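# Descriptive structure summary
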Amino acid sequence: MWFASDKGVRLMIDTGYLLVIIYILFYALIGITIIALSSIIALVVLFCKSK
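The structure reproduced in this document is the subject of the present report. (Residues numbered from 1 in each chain as written. Predicted model: local features only at pLDDT ≥ 70, side-chain atom pairs only at ≥ 80, totals over all residues. Heavy atoms only, no water.)

## Overview of the overall build of the protein
We apply this condition: Counting from the N terminus, the helices are DSSP H or I runs at least four residues long and the strands are E runs at least two residues long. The rule is simple: take the accessible area with a 1.4 Å probe, protein chains only, and divide by the maximum for that residue type; under 20% is buried, over 50% is exposed, in between is partly exposed. All accessible-area figures derive from a Shrake-Rupley calculation using a 1.4 Å probe, and residue coverage is judged against the displayed protein chains alone.
Helix and strand counts for the protein stand at one helix and zero strands. In the protein, which comprises 51 residues, the proportion classed as buried is 0%. Total accessible area on the protein stands at roughly 5000 Å², and carbon and sulfur atoms take up 79% of it.

The structure is reproduced here in structure tokens:
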């Protein structure tokens, strides 16, 4: 990228890092939601069986 200015290269790198961070946070949120829902369901099943 010798033809691009330093500011443009820095902007592209920052945007790429930002997109990667957003993807990681998004998929982490989905994973945490799935884990939380499955653990709630497991607790409800155990609670109902113990009664």
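Next comes the rest of the description.
## Digging into the packing of aromatic side chains
What counts is decided by this rule: In summary, the pairing rule links any two rings of Phe, Tyr or Trp, Trp by its six-membered ring, whose centres are within 6.5 Å, and it sorts them by plane angle into stacked for under 30 degrees, edge-to-face for over 60 and tilted for everything else.
Going through the model one piece at a time under the given rule, you end up with one aromatic pair. A ring pair is formed by F26 and Y27, whose centres lie 5.6 Å apart and whose planes are at 70 degrees; its orientation type is edge-to-face. A relative accessible area of 45% places F26 in the partly exposed class.

## With respect to the environment of S50
Heads up, the condition is: Under the rule applied, a polar contact is a pair of N or O atoms within 3.5 Å (in protein, one hydrogen donor and one hydrogen acceptor; residues adjacent in sequence only if both atoms are side-chain atoms).
Residue position: S50 is located in helix α1 (residues 6-50). For S50, a relative accessible area of 58% translates into the label exposed. A distance of 2.9 Å separates a polar atom in the side chain of S50 from the backbone oxygen of F47.

## As for a nonpolar patch on the surface
Definition in use: Exposure above 30% relative accessible area and the lack of any salt bridge qualify a residue for a patch; like charges then connect within 9 Å, and the nonpolar side chains Val, Leu, Ile, Met, Phe, Trp and Tyr within 5 Å. Basic side-chain nitrogens of Lys or Arg form a salt bridge, by our definition, when they fall within 4 Å of a carboxyl oxygen of Asp or Glu.
On the surface, L18, L19, I22, Y23, F26, Y27, I30 and I34 cluster together into a nonpolar patch covering about 850 Å² of accessible area. Mapped onto the elements of the fold, I34 is located in helix α1. By relative accessible area, I34 is classed as exposed at 54%.

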